[in-house]
Amino acid sequence: MSWYARVANVFRSRRLAQQLDDELGFHVAECIDDLVAGGVPESEARREALRRFGNYTIQKERTRDMSMAGWLDAALGDLRYGLRQLRLNPGFAAVAVLSLMLGIGANTAIFQLIDAIRLRSLPAKDPWQLAAVDAAPDFFVQGWYSARNRAFTYAQYERLRAHQQAFSAMLAFGNTRFNLSRGGDARYAEGLYVSSNFLRVLGVTPVLGRDFLPERDERDCSSAGAVLSYSFWQRELAGNPAAIGRMIYLDGRNFPILGVAPADFFGLEPGNRFDVAVPLCADSLLATDEKGRRLFRTDAWWLTLIGRLKPGWSVERASNHLRDLSPAVWRETLPESYRPDAAKQYLKNKLRVIAASAGVSSLRRAYENPLWILLAMTGLVLLTACANLANLLLARASAREREIAVRQAIGASRPRLIGQLLAESLLLAGIGGILGAVLAHFLSRILVSFLSGANEQIHLELGIDWRMFAFTALLALLTCLLFGLAPALRATRAAPAAAMRGGRGATTTRERNGLRRALVISQVAFSLILLVAALLFGRSLRNLLATDTGIGARDVIVAMVDARLPKLEPERRKALFKDLEDRIGSHPGVSAVAAVELPPFSGYGWNGLVHPEGDRSAASGKQSWFNRVSPGYFRTMETPLLAGREFDLRDDKKAPRVAIVNEAFAKSFFNAHNPVGRTFRVESVAGKADSIYQIVGLVRNTKYNELREEFRPIAFFPVDQNEEVPENFNLVIRARGLLSGAISGVRDNLSQLDPALLVEFRVLSVQIRQSVVRERLMASLSGGFGLLAGLLSTLGLYGVMSYMVVRRRNEIGVRIALGASGQSVIGLVLKEAVRLLFVGLALGLAVSFALSRYAESLLFGLKANDALTIAAAAALVAGTALLAGLVPARRAARLDPAVALRDE
Amino acid sequence: MDKRNDILQGTLTLLVLRALEARGPLHGYALCGHIQSVSSDLLRVEEGSLYPALHRMEQEGWLASTWRLTEKGRRAKFYEITPRGRSQLAAEKESWARLTRGVARVLRYC
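This is a predicted model, so every value here is computed, not measured. (Residues numbered from 1 in each chain as written. Chains lettered and ligands numbered in written order. Predicted model: local features only at pLDDT ≥ 70, side-chain atom pairs only at ≥ 80, totals over all residues.)

## Looking at the interface of chain B and chain A
So, point 1. Between chain B and chain A, the contact holds 16 residues from the first and 19 residues from the second.
So, point 2. Of all the secondary-structure elements, those providing two or more residues to the side of chain B that touches chain A are helix 2 (28-38), helix 3 (47-60) and strand 3 (75-81) of chain B.
So, point 3. Among the elements that make up the side of chain B that touches chain A, the one with the highest residue count is helix 3 of chain B (eight residues).
So, point 4. Here the residues of the side of chain B that touches chain A are counted per class, giving four nonpolar, six polar and six charged. (Contact = placed C-beta atoms within 7 Å. Helix = DSSP H or I, 4+ residues; strand = E, 2+ residues; numbered from the N terminus. Nonpolar A, V, L, I, M, F, W, Y, C, P; charged D, E, K, R; others polar.)

## With respect to the packing of helix 15 (residues 414-451) of chain A against helix 16 (residues 466-491) of chain A
Describing two packed helices takes the angle between their axes plus the distance from one axis to the other.
Residues and elements named next belong to chain A.
So, point 1. Following both chains from N to C, one finds helix 15 and helix 16 inclined at 150 degrees, their axes separated by 8 Å at the closest point. Judged by the angle between their axes, helix 15 and helix 16 are roughly antiparallel. Here helix 15 runs over helix 16; the crossing is right-handed.
So, point 2. Classifying every residue of the contact of helix 15 with helix 16 by side-chain character gives 16 nonpolar, eight polar and no charged. (Axes fitted to C-alpha atoms, helices over the stretch in contact; angles between N-to-C directions. Parallel < 35°, antiparallel > 145°, perpendicular 65-115°, else oblique. Left-handed = near helix turned anticlockwise from the far one by under 90°.)

## A few points about the packing of helix 1 (residues 11-23) of chain B against helix 3 of chain B
Residue and element names in this part refer to chain B.
So, point 1. Closest axis-to-axis distance for the helix 1/helix 3 pair is 11 Å, and the angle between their directions is 70 degrees. Relative to helix 3, the element helix 1 lies roughly perpendicular. Between helix 1 and helix 3, the residues in contact are Leu12, Thr13 and Val16 and Ser49, Ala53, Leu54 and Met57, respectively.
So, point 2. The residue makeup of the contact of helix 1 with helix 3, split by class, is five nonpolar, two polar and no charged.

## Regarding the domain arrangement of chain A
All names here are of chain A.
So, point 1. Domain annotation for chain A reports domain 1 (3-68), domain 2 (127-357), domain 3 (366-546 + 773-902) and domain 4 (556-769).
So, point 2. The centre of domain 2, based on its C-alpha atoms, is set 51 Å off from the matching centre of domain 3.
So, point 3. Residue-level contacts link five residues of domain 2 with four residues of domain 3.
So, point 4. Split by residue class, the side of domain 2 that touches domain 3 holds two nonpolar, two polar and one charged. (Domains from an automatic or database assignment.)

## A closer look at the confidence of the model for chain A
The predicted coordinates of low-pLDDT regions are not to be read in fine detail.
So, point 1. Scored by pLDDT, chain A comes out at a mean of 86, with 95% of its residues at no less than 70.
So, point 2. Note that pLDDT drops below 50 for residues 503-508 of chain A; the model gives that stretch four contacts with residues more than four away or on any other chain. (pLDDT = per-residue confidence, 0-100.)

## Examining the nonpolar core
Residue and element names in this part refer to chain A.
So, point 1. Core analysis: the largest hydrophobic core is formed by 170 residues, its most contacted members being Val381, Val524, Leu530 and Ile733.
So, point 2. It is helix 13 (residues 362-399) that provides the largest number of residues to this core, a total of 19 residues.
So, point 3. The residue makeup of this core includes at least three contributed by each of domain 3 (366-546 + 773-902) and domain 4 (556-769).
So, point 4. For leucine 530, the residues in contact, after removing those within four places along its chain, are Met377, Leu380, Val381, Phe785, Gly786 and Ala789.
So, point 5. Listed in part, the 69 residues of the second largest apolar core include Ala151, Leu160, Phe198 and Ala300. (Core = buried A, V, L, I, M, F, W, Y, C linked by C-beta atoms within 7 Å. Buried ≥ 20, exposed ≤ 12 C-beta atoms within 10 Å, placed from the backbone.)

## Side note on the confidence of the model for chain B
Residue and element names in this part refer to chain B.
So, point 1. Per-residue pLDDT for chain B averages 84, and the proportion of residues at 70 or more is 91%.
So, point 2. Scored below 50 in pLDDT, residues 1-5 shows four contacts in the model against residues more than four places distant or in partner chains.
So, point 3. Interface predicted TM-score (ipTM) for the complex: 0.85; the corresponding pTM is 0.78.

## Remarks on the sheet that holds strand 1 (residues 26-27) of chain B
All names here are of chain B.
So, point 1. Read from one edge to the other, the open sheet built from three strands follows the order 1-3-2, with strand pairing classed as antiparallel. Every interior strand has two partners, whereas the edge strands, strand 1 and strand 2 (63-69), have only one.
So, point 2. Relative to strand 3, strand 2 runs antiparallel, the two being bridged by seven bridges. In the sheet register, serine 65 faces strand 3, and the bridge partner there is tyrosine 79.
So, point 3. Across the face of the sheet, helix 1 comes into contact with strand 1 and strand 3 while running at roughly 95 degrees to strand 3. (Pairing = 2+ DSSP bridges.)

What follows is the structure, encoded as structure tokens:
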């Protein structure tokens, strides 16, 4: 038996006590027997035996102590005592547990998100060896960029693989969406194009079926198969093992199912789980023409590169290695379409390597900083809650002052008393922590669904891992110490004699109230900081939502038609699109319709360099953004035409090339003069002549992809003058009446025209709202936190002021008896509140100023040190605080002096 | 108030271990009697020290205990020396010998 036996004995103390009684009882009984045998009378013998034995209870206690872990026994006793205390004060317990639950829950939820997107390792073998190829600053990219993460061309991957020494193996992947449906509404699966070594390099083995064969990635792969994710297999194929070898229909082509990945393998991007993975070569299979084969295009940036570091290679060493390799790789992969100046910039590019043990994630780029800021804010909320609890505990401790003094006087040691007081705090923190963890479980899921849009689902693994557990436990322990330790130390410090005398010991009172004041001051400061943040983020969101997009987004639907499946000739396709546009336009639920190549706020972009003609003074060779639209687009989008005309049926393939530009374009290239009638040139790829356009119209500025962006120069070209007929056709539709009416109208027309046409709908206003989801998140969460902290600190101030009024009852009673007016009593009490308030506000302001620059990049339309915001926050805090002080002050003013003085 | 020093502090362990080594399993009361009679009534074990000591030694793993019936039909806790107890006994004997030698020399030469 050793320490664990002693610990175990604590938990079976009743049995232990019984055995002890048996053992000691046996001793006494034997002793009696002997005495009786020796001639002592029976009644005498018993007394004598017990006398010889000594103090039975002490013997028992001392013997018992030998078999038990004393500290644990004491701790359990303390916890039981604490529990009893809490049961006696259910109101206090409820407030404490609730505020701790909210505080710890919010912290844990935010931490869970950070954990999921930043800290947790990939579900791969030895994830710490994984590293991603990244671009050094000022990286030049031109061409066809289609990736969520830092991407490279296949040629670069291939050359890099041949030259590098740092990695034992390198893999490449690109993300895509595969349509699963055969017509009508498109249904998408998250797809990955992967190099054939993908799973092997990651050390992931399929749970069912097999991996891709180790083959050359650019081979002809008409027999390519697909590996499914576990969740997709469960969802779409009901987890049927017979699915292996069956076909899956992706983007109009059947792929045999090769295998199923393990359940925990979501891919390499936290936030985006994959459904289906196909080999890189499948990109060529699915491309409809030569131009779409990204594997063979040296200007198609689509592959994210991950390597497994060789033993002994650090990320830094690999980074230096790849930087040195860069020139050779660029020389061998220079895209032929680049003009000399582009080529020069391309050759200057430098590579580097970053750790990828936690994967690569676009979600992380967008949300890592906001989440850390939110974590800091929830931390402040928790601190405010702790300050509040500390205050409540202080008040309780002073109520128990005498009891504690008595205990000390009869010999209780101070550490033991502190332990007992802390046990109660530990209980509160423990219960708060457990409930907080439960709350976090739901909160983090709500947050994820908040971030997920209608078209982009975010999938994060939010399971409970040791990091989250440690975080929550640490938080609970820390809060316990924060709010419990100071009151416990204070409560046991009072000299027993002074406390028992029952008077109001002047020195101790001042000291204790000093601590309470400090707590209130910090609460005021915390809530000011949080309120400033809440107002900053709230106003940013309002500014964003109030920005002029140049578009009347209400009632506008974007219908994205995919015409790849019917396999039509371009001319036939063009006629079909025209027909579709006309039919939709005549639907009663539609008031206007137009075609557009890149719907606004879709995330797609197209840009190039523009040279205005015939004007040497104007800027030349600057960047502009482009789009193609059909006649009636600006009318449909309610974008005002400022000069010239809209496109019309005259602007067809045979007519001269024309363009409509926006104000920013005119400002940028024509010194804000009316550009109608002027011409400009757009730089083309190497070996092709530049195109020249004549401007026929000027429109109001519109946002291109984001609410945050400055107005960009945009030139619109007629859809009809496009030399190719794309396979996708996007319509903007202004609905009359219900959106659903217009949507079903489009659906009907589509299926009548060709049942194999695919369509996806987006509501433009929703799309725009979705583009500010991060700002919305910051605004609503910080608003909530600000409110919570404000509430807590108001309660805190109220508590302290009420307590002080009670303490000063006699003094106030005397003043009233001597003729002080109610007003002057209110002033007396409020003066105290105002003093605390001002110190708190000053501190809060200083900290706000120091911290606000971290939020600068998340703000829109105002500076982090925006005076109005700070003033408003301060006024709000001051207002509520004064209100909180006014209630006890008025109570003091109404005090009946006779009653107050009778106490003395 | 406290009469624990009938037996020199620290020697109780030695006596108990030695008694159990010599006599095999014994209960607390018998142990008291045994030590008293073997020492010709020179040593008297205080119950107040014996039971805490027995329990401590059991925790240390020097003793093992079982509940058995005595001849009189009473349930008693019998203690028995363990192998670890034997090596402890050897160590205690050694240190006792050193102590007595030292004390004897001091008495002789000072």
